[in-house]
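Close look at the chain arrangement
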Amino acid sequence: MAASMDGTGVHPASASVAPMIAAAPGRLWVEVDRFLAPQAESLNADERRRARLTVAVSASIVALGVPIACNLMLHGVWGNLPVTLGLLVVVSAVPFVLRRTGSLVLAGNAIAGVLAATLAILKFNSGTIAVPPFIFLPGVPLIAALIAGPRAGVFWGGFAIVELGFFYFLAINGLEPMIELNPEHLFRGRYVGAAVMVGFVLLLAQAYERLKTRALDELRQAQRLAEERSRELEESRRQQLEMKDRFVSHVSHELRTPLTALHQFLSIVLDGLAGKIEGEQREYLAIAFRNAEQLRRMIDDLMDLNRARSGKLRVESDLFPVGPVLADCVRNLEARAGEKGIRLQACASEELAVAQADPTRVRQVVGNLVENAIKFTPKDGRVDVTGARDPDDDSFLRISVRDTGCGIEPGAVDRIFDRLHQEQSAETDSRLGLGLGLAIARELVERQGGHIWAESQPGSGSTFHFTLPIFELARALRPCVLEEGELRRNFSVLHVELLRGSAIASEGLQRGVLHLLRTSVFYPERDVVLPKGALGDAPGRFAVVAATGAEGAEALAKRLALRLDRFAEASKTCHAEFRVRAHTEEVPAELDRCTRAEALEILAGRVEEILREAGHERGET
Amino acid sequence: MSSKKILIVDDDRDIRMGLGARLRANDFEVVFAEDGMGAIATARRESPDLVLLDIGLPAGNGYVVLDRLRKNTSLSGIPVVVLSARDAEENEKLALEEGAIAFFQKPADNESLIAAIRSAIG
């Protein structure tokens, strides 16, 4: 893919010619193999090699034959031209014969024979001036041996010796034919020879060019095919995933309906709404109810994971103290731990800072980890949940769940966060859920800006840690300040207050307002909607820090107020009413001279002051 | 105190029954409808104090019902709580935008559901 993208950037041909040249010898063999393809099936490996050699030898003879013929003509020996041409025709026909018949014996003998004959005729024609043709005579038995086999080699070796002997006999007896050199012929021959040579070179160049073009075309087509194929694969993968998502969503929906009835009636009977129930009945019903709850959690997990993969998992940014959340999680699971005789405790340091995360999701992560710990810890063990500042990075909180369970094999510590991974162990419960809990935990923690990991010694328990960012205004305001020297001249703080709204709806309403703020009139990449809770414990107050000019801020406030009114109107039953106030001021001059971090600190200080003032005003009104 | 009337709209008989039993036990009066058209008709006839609405319904789904209720002047003041088996992530926002006061996914926690209903009409 990358190569093709580069290719379209420059000129595709010029980009790939250099490697083409480097690969030329290989390419030639590919061409030869392709030529011999009809016989590929009937030849074994050795025969294939010899067949290749046949083609190579034929091509070489043709290539050498032309200049030699020309050379002879330069010397005015016209009679050699038809002989040489005859040789070329026969030799260049050999590969085609081989292709058709597959007979190496025929090919080898044919080349050897025609070569020996030609050399003899050339010698006979040229007389004393043309000793060079005989230089090639040893080639005759060699070619025969390599192509047609050792017996042919021996035969043609004998033949060559006889031929040499014959000419030797002629020479010593003075019977060599004498050649008349006609000066006019010599003159013409030179030009014709030179012209044929030039033509031959041009022909070779043309052949090479065609070969190259063909190879390039093939290369491009292969690339195109590969791209098409990978696009198709990508598309089909996407479709499969989508189908799976829809399937999971559909199944979970279908499962929820009967589960709801089960859940409802069990709870009705358990709560004594359908008459009194006795001790054992209550116990069994409680077990049934707990299992229905587990089923619900499994469906929730499945849905969460599905969403996580398609990027739809909702994680909201909120500010909240972590201590109470941990205590809450522990309280919820205390009974379960108690049943197994496990001591479950939470301990959060007093001054534990406010985390910027989604409390519901944090609860889910801690719940998953604690449940896991209980699952893998034997009777009389203990599970401790602790929260403190992260010793490695003090802009994070670290929450740890330590158990005295069976531990995790060292090799598996990293894999346990993978989807559907589940440690196999004979000692643990037989029912362990779907093995999705840790995968979801990782997804949730990472989506909230933290990370999760485990430490474990087999046999002596495991500790799961995860981190959550601590809220700092300066950090939250990062998008407002771009780079050094690129600070904006003005910034605005828009202060939204929910003046009236029915109590029941306030949670949903607040979520709606935050959503509206994030999506409506602001630029998400440079304006900052402060998380819920950033303005202290004041529900119904929201703030946006936007980088705008003064007039821009007023317009922005007006537009926002309009959107909020429309929102309130849509949620008619909530009787909501909003007030939007915009506070704009110039960026302090010293911001231009400091680093980004310092600039953020200064800006955060100003924003904090403005928000505090707004809070006071609110208190007074 | 006269008990408040709640209209339960759900196409599943078992769920209607279960919800009915639970709400009755909490001193609410309940009426039922099993599809979208029925929901509007029953709401007109019975003028309930609150509607507990499913989304996946025959003859006009929950959103259609919400829309109709809001557009009808005599019914627009009735608070609607949506209780659906559908994906909460997608449907909660939509339901609230369409004018529901709360969204619960099935199976819902009884306490929170009752608390939400009470705070709306208590």
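Each chain carries its own residue numbering, running from 1 in the direction its sequence is written. By the order in which they are written, chains take letters starting at A while ligands take numbers starting at 1. Reporting in this predicted model follows two pLDDT cut-offs: at least 70 for local features of residues, and 80 or more for side-chain atom pairs to be given and counted; totals over whole chains, interfaces and linings ignore these cut-offs and use all residues. Excluded from the side-chain calculation are hydrogens and water; included are all heavy atoms of the structure.

1. A few points about the overall build of chain B
A tally of regular secondary structure across chain B gives five helices and five strands. Per the convention used, a helix needs a DSSP run of H or I reaching at least four residues, while a strand needs a run of E reaching at least two, with both numbered from the N terminus. Its helices and strands in sequence order give chain B the pattern β-α-β-α-β-α-β-α-β-α, from N to C terminus. Here's how the labels work: a residue is buried when its accessible area is under 20% of the maximum for its type, exposed when over 50%, partly exposed in between, all with a 1.4 Å probe on protein chains only. Across the 122 residues of chain B, 57% fall into the buried class. Working rule for contacts: check all heavy atoms of both residues, and any pair within 4.5 Å makes them a contact. Excluding contacts between residues fewer than 6 apart, the proportion of contacts in chain B whose partners are at least 24 apart in sequence is 60%. Accessible surface computed for chain B: about 5000 Å², of which carbon and sulfur atoms make up 47%. Note that accessible areas follow from Shrake-Rupley with a 1.4 Å probe, and for residues the cover is restricted to the protein chains shown.

2. Examining the confidence of the model for chain B
Of all residues in chain B, 98% attain a pLDDT of 70 or more, and the chain-wide mean is 86. Across the interfaces of the predicted complex, the ipTM metric reaches 0.86, alongside a pTM of 0.55. The quantity known as pLDDT measures the predictor's confidence residue by residue, on a range of 0 to 100.

3. Regarding the interface of chain A and chain B
Taken together, the contact pairs 31 residues of chain A with 36 residues of chain B. Counting the surface lost from both chain A and chain B, the interface buries some 2800 Å², and carbon and sulfur atoms represent 57% of this. We define a salt bridge as a contact between a side-chain nitrogen of Lys or Arg and a carboxyl oxygen of Asp or Glu at a distance within 4 Å. Where chain A touches chain B, the interface holds one salt bridge. Salt-bridge contacts for D271 of chain A lead to R22 of chain B; the nearest nitrogen and oxygen are separated by 2.8 Å. Looking at the side of chain A that touches chain B, the elements with two or more residues in it are α9 (183–270), α10 (279–310) and α15 (506–519) of chain A. Looking at which element gives the most residues to the side of chain A that touches chain B, the answer is α9 of chain A, with eleven residues. By convention, the term buried area covers the 1.4 Å-probe accessible surface removed from two parts as they join, with the contributions of both added.

4. Some words on the pairing of strand β4 (residues 80–84) of chain B
Residues and elements named next belong to chain B. Within β4, five of the five residues are buried, which leaves it mostly tucked inside the rest of the structure. The alternating pattern of β4 places V80, V82 and S84 on one face and V81 and L83 on the opposite face, and all of these are buried. Pairing geometry for strand β3 (residues 50–53) and β4, over three bridges, is parallel. Directly across from L52, in β4, lies its bridge partner V81. The rule for pairing is simple: two strands pair if DSSP sees at least two bridges between them.

5. What about the confidence of the model for chain A?
Residue and element names in this part refer to chain A. When pLDDT is averaged along chain A, the result is 77; 80% of the residues meet or exceed 70. Mean pLDDT values for the elements of chain A range from 39 in helix α1 (residues 2–9) up to 89 in helix α7 (residues 139–148). Counting interchain partners and residues more than four positions distant, the pLDDT-below-50 stretch residues 1–15 has nine contacts. Below pLDDT 50 for its whole length, residues 425–432 participates in ten contacts with residues either more than four positions away or in separate chains.

6. Some points on the pairing of strand β2 (residues 29–33) of chain B
All names here are of chain B. As paired strands, strand β1 (residues 5–9) and β2 are joined by five bridges and run parallel to one another. In the sheet register, I8 faces β2, and the bridge partner there is F32. Handedness of the crossover is the feature at issue here: the chain leaves β1, passes through helix α1 (residues 13–25), returns alongside β2, and the resulting connection is right-handed. Handedness is read with the strands pointing away from the viewer; a crossover is right-handed when the path from the first strand over the helix to the second is clockwise.

7. Thoughts on the packing of aromatic side chains
Residues and elements named next belong to chain A. Note on aromatic contacts: the rings of Phe and Tyr and the six-membered ring of Trp form a pair at centre separations within 6.5 Å, being stacked when their planes are under 30 degrees apart, edge-to-face when over 60 apart, and tilted otherwise. Summed over the entire model, instances satisfying the criterion amount to four aromatic pairs over all chains. Each ring, one from W156 and one from F159, has its centre 5.1 Å from the other, and the planes form 65 degrees; the classification is edge-to-face. Taken as a pair, W156 and F159 lie in helix α8 (residues 150–172) at a separation of three residues, close to a single helical turn. In textbook terms, an aromatic cluster arises when at least three aromatic residues are bridged by ring pairs, as seen for F155, W156 and F159.

8. Description of the sheet that holds strand β5 (residues 396–403) of chain A
Residue and element names in this part refer to chain A. Sheet architecture is open: five strands sit in the order β2-β4-β5-β7-β6, paired in mixed fashion. Of all strands in the sheet, those bounded by a partner on one side alone are β2 (343–348) and β6 (452–456). Pairwise comparison of adjacent strand axes, ignoring direction, gives a mean angle of 15 degrees for this sheet. Of the pairings in the sheet, the one linking β6 to strand β7 (residues 462–469) comprises five bridges and is antiparallel in character. In the strand pairing of β7, E455 is matched with T463. Helix axes are fitted to C-alpha atoms over the stretch in contact, other axes to C-alpha atoms as well, and angles between N-to-C directions run from 0 to 180 degrees.

9. Digging into the side chain of D54 of chain B
Inspection of the secondary structure assignment puts D54 of chain B in the loop between β3 and α3 (62–71). The definition of a polar contact used here is a pair of N or O atoms within 3.5 Å, where within protein one atom must be able to donate a hydrogen and the other to accept one, and adjacent residues in sequence count solely through side-chain atom pairs. A polar contact is formed between the side chain of D54 of chain B and the side chain of K106 of chain B, at a distance of 3.4 Å.

10. A look at helix α11 (residues 322–339) of chain A
All names here are of chain A. The length a helix should cover is 1.5 Å for every residue beyond the first. Under the 1.5 Å per step criterion, the end-to-end length of α11 is 27 Å for 18 residues, consistent within 8% with the ideal 26 Å. Note that bend, as reported per residue, equals the angle between axes fitted to the 7 residues terminating at that residue and the 7 residues originating from it. Its axis deflected by about 45 degrees at L333, α11 carries its strongest bend there. Residues of α11 that are buried sit in contact with β1 (318–321), β2, β3 (354–357), α12 (359–376), β4 (382–389) and β5. Once α11 finishes, G341 follows within two positions and takes phi at roughly 70 degrees, a positive value.

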